[in-house]
Structure formats: structure tokens, C-alpha cells
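# Coordinates in review
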Amino acid sequence: MSNTVRVRVPAKVNLALRVGGTDAQGYHELGTVFQAVSLGDEIVAEAAAPGEFKLVFHGEGAAFLPVDDTNLAIRAAKLLANHVGRTDLGVSLTIRKRIPVAGGMAGGSADAAGTLLACSTLWELGLSRDELQPLAAELGSDVPFILLGGTAVGTGRGVELAPMMTSGTFHWTFALSHTGLSTPAVFKEFDRTTAPNSTEIPLELVEALRAGDAAAVGAALSNDLQASAIALQPTLEHTLRIGREAGALGGIVTGSGPTCAFLAGSEAHSHELAEALAVFSGVRAVRRAYGPVAGAQVMA
């Protein structure tokens, strides 16, 4: 058995997020296009005594994250050990955060996905990525996509995935907010103010991604939760306006927010957008990334 395994996991941006009605369990029917981006977390898994599961965070928002069984990474490790029926397994996890916390970019889900892959490798379980996917789905709607990576359509609760063909590289600038947003709170606001929509993915977006037409992708970005996120955090509207006035090809709140994602025409343009956004007091920090990138990967 290896003593240490290092895994890198990407953040995600939702290029489209359509929200329909709820199922019998109260979950919303979703139609979304995920793209994995180069902004990511790093997970180091080290062998620990049987039954010992430890977690330490460094970096982005580390001081505010739980390290007990309420954390998705710990839950992922224990779920995997239980799945294979092994009581002789343990792990010490160290996660370096770069993905914003409660930012709508799947930071917690990324850590869960990375933990599944890291522990499976550390413990030499021999499980394929496909075999890890059902466990990922148990942990949350975004976790399976982080294992897959690239660009994909998500349906149902977001866990039923179909990879998408895309061309080229897309350059993103992300404006981070001073405070996070609770996903349940955003959905509650959506339910209060909005009728369920069709979950069909806009054809214009699909065709633009296939063609690698960044301008057309930018024009087709959509998020049914955006108005609800802005209602809970009104400064987001000004953030979006700044990015668009700086020439972004498109700008949206990603996922349940509050991170705002802006599509740039080039890497140089992403720098220009970052400079324009960084001076706004409503923006805590700015990050740049590109996509699509691979899902969770063991690092050599």
C-alpha cells in the first residue's frame, strides 16, 4: 500500500442551469452544462491507523471549514471504506483550498470527489472511476461531474451525466464575493418567486461549444438561479455590470452563487477583466482559469 497519494481536483462553472419542478423527495429537476476549470484544490491522502479519519485544511476559507463528519471529504472516505467492507482502513487528509467556499463552484464536492479517488488509490482498492460514480452520487449533485471533468450535460438531480463535445479553450475570470450563499437558501428563494422552468439545454449553447465559438458561448450563458442569488446578495448585479462593461463575452452567477463568472475572448482579455473587477469593493478577490480540464487526477 502506498503511504501518500496526491490528487488535484477542478472547480466547475455552470454554463447553463435550468431548474424545473421537484420530485417526490423534494429535489429539483435540473438541466445543466458543467465545465471543469483549471482553478482547483489539492488533496494529499496519507495512511493512518485503522478507523482513523483526519482532515486538515489550508488556504482559501480554511478557518471556516468543518473537519468532522459533517465535511464531505470525511464522509467520502468513510463511505468508501464502508462500501468495500474494510474496518482496517484509515486516512489522514490534507486539503489545500483554492476553490472559493460556498461560492457555487463545487468546492466541497470537488474535495469529496478527490477524496474518493485518493483513498481508492491509497488503499489499493482497484476501483475504476465508473465504480466510484455511484458513491459520488450519494455524496452530492456535483460530485460525479468532478470525477468526470471536461464539459458535460447533467440531468435529473445533476448526477446523470453525458459528456459534451467541445472545441478550443475557454478563458474565464471569476469574481469572488465577500460572503458565501447557502444553496438551500437560493433554491428556497427560487421556489418563492419563480415558477419551474423547462430543463432543456439551449441548442445555441450546445452548437457554440461544438464550434469553439467563445462569443456565441458567452451570449448563450444562462442560470435560472441568478435572480434568486441577486435577491439575496444585491451587490452581484453591480459585479455583473462591471464585467460586461469591461467587454466580457458573457457573465453569469455560477451555480447557486455568489461567484460571478465572466467569459473572456483570450487569456490577455481575462487579465483585463480581472483588473476591472478587482477595484470594486463588492469583490473580495479575482481568479482566472481556463477550461475544459480533466476531472480528478492522481498527480505523479
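In case you missed it, the structure is sitting above this.
These numbers were taken from a predicted model, which means no experiment stands behind them.

### A short note on the overall build of the chain
Summing up its helical and strand segments, the chain has 10 helices and 12 strands in all. Expected size for 300 residues packed as a compact globule is a radius of gyration near 19 Å; at 19 Å, the chain falls within 12% of this value. With respect to the three principal axes, the spread of C-alpha positions in the chain is 55 × 40 × 35 Å. Taking all 300 residues of the chain together, 54% fall into the buried category. Long-range contacts, defined here as pairs at least 24 residues apart, represent 77% of the contacts in the chain between residues at least 6 apart.

### Examining unusual backbone geometry
Leaving glycine aside, a negative phi is the common case for residues, and trans is the common case for peptide bonds. For the bond from G257 to P258, the omega torsion is 10 degrees, close enough to zero to count as cis. Looking at where P258 falls in the secondary structure, it is placed in the loop between β9 (250–253) and β10 (260–264). Omega for the bond connecting G291 with P292 falls within 30 degrees of zero, at 0 degrees, which places this linkage in the cis form. Turning to its location among the elements, P292 is positioned in the loop between β11 (283–291) and β12 (297–298). With phi around 50 degrees, A102 is a residue other than glycine that occupies positive phi space. Position of A102 relative to the elements: it lies in the loop between β4 (91–97) and α2 (107–122). You can call A102 partly exposed: its relative accessible area is 42%. One non-glycine residue with positive phi stands out, namely A106, at about 65 degrees. By the secondary structure assignment, A106 is in the loop between β4 and α2. Look at A106 and you get buried, because its relative accessible area is 8%.

### Quick look at the side chain of D111
The topology assignment puts D111 in helix α2. Once you skip the residues sitting within four places of it in the chain, D111 turns out to touch V9, D41, I43, F57, A73, I95 and K97.

Each value, and the rule that gives it
Residues numbered from 1 in each chain as written. Predicted model: local features only at pLDDT ≥ 70, side-chain atom pairs only at ≥ 80, totals over all residues. Heavy atoms only, no water. Helix = DSSP H or I, 4+ residues; strand = E, 2+ residues; numbered from the N terminus. Rg over C-alpha atoms; globule rule 2.2 N^0.38 Å. Buried < 20%, exposed > 50% of the residue type's maximum accessible area, 1.4 Å probe, protein only. Contact = heavy atoms within 4.5 Å.

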